[in-house]
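If you want the building blocks of each chain, they are given just below.
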Amino acid sequence: MAGPMDRIMDGLDIETFLICGSEEEGRRLAIQLVTEWGFQDVDIVFVQFQGPGVRVRIRAYVHRSGDVYGWLKPGPEKEVVV
């Protein structure tokens, strides 16, 4: 049975607030966070330095346009339970 990661169409967006000293440090920490989770293809979608850190939205790509999408792969027939 396919897991949730196989059903993601393109990417996973993560938004958080990171405590840091500058916008650049926040960007670096955000990318480090998602790469430690195993994602290699990431973009910073939004970043705003305010007070003690940054509000940041990171997109971790599971599939880019033209990739072989997990949800298109043929899988075992599913039994319908009524």
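Refer to the structure presented above.
Residues numbered from 1 in each chain as written. Predicted model: local features only at pLDDT ≥ 70, side-chain atom pairs only at ≥ 80, totals over all residues. Heavy atoms only, no water.

(A) Focus on the overall build of the protein. In terms of regular secondary structure, the protein is built from one helix and three strands. Traced from its N-terminal end to its C-terminal end, the protein shows the element sequence β-α-β-β. Residues counted as buried form 24% of the 82 residues belonging to the protein. Long-range pairs, those at least 24 residues apart, make up 58% of the contacts in the protein between residues at least 6 apart in sequence. Of the accessible surface of the protein, which amounts to about 6,000 Å², a share of 54% is contributed by carbon and sulfur atoms. (Helix = DSSP H or I, 4+ residues; strand = E, 2+ residues; numbered from the N terminus. Buried < 20%, exposed > 50% of the residue type's maximum accessible area, 1.4 Å probe, protein only. Contact = heavy atoms within 4.5 Å. Areas by Shrake-Rupley, 256 points an atom, 1.4 Å probe, with all protein chains shown as cover.)

(B) Main features of the environment of serine 22. With respect to the helices and strands, serine 22 occurs in the loop between strand 1 (11–19) and helix 1 (23–36). On the basis of relative accessibility, which here comes to 30%, the residue serine 22 falls in the partly exposed class. Beyond its immediate chain neighbours, meaning those up to four positions away, serine 22 contacts Phe49 and Val54.

(C) Examining helix 1 more closely. Over its 14 residues, helix 1 extends 20 Å from the first C-alpha to the last, a length consistent with the 20 Å expected when each residue adds 1.5 Å. Of the positions making up helix 1, those classed as buried are Gly26, Ala30 and Val34. All buried residues of helix 1 lie within an arc of 60 degrees about the axis, which places them on one face of the element. Residues of helix 1 that are exposed and point more than 90 degrees away from the buried face comprise Glu24, Arg28 and Glu36. Of the surrounding secondary structure, the elements contacted by the buried residues of helix 1 are strand 1, strand 2 (42–50) and strand 3 (53–61). The positive-phi residue at the C-terminal boundary of helix 1 is glycine 38, with phi of around 105 degrees. (Expected span 1.5 Å × (residues − 1). Arc of directions from axis to C-beta.)

(D) Representation of the sheet that holds strand 2. Here we have three strands laid out as an open sheet, ordered 1-3-2, and antiparallel in their pairing. The open sheet has two edge strands with one neighbour each: strand 1 and strand 2. Mean inter-strand twist for the sheet, computed between neighbouring axes without regard to direction, equals 15 degrees. Pairing analysis gives eight bridges linking strand 2 to strand 3, with the strands arranged antiparallel. From the neighbouring strand, valine 42 faces strand 3, where its bridge partner is alanine 60. Across the sheet, helix 1 lies against strand 1, strand 2 and strand 3, angled at about 140 degrees from strand 2, the strand it touches most. (Pairing = 2+ DSSP bridges. Axes fitted to C-alpha atoms, helices over the stretch in contact; angles between N-to-C directions.)

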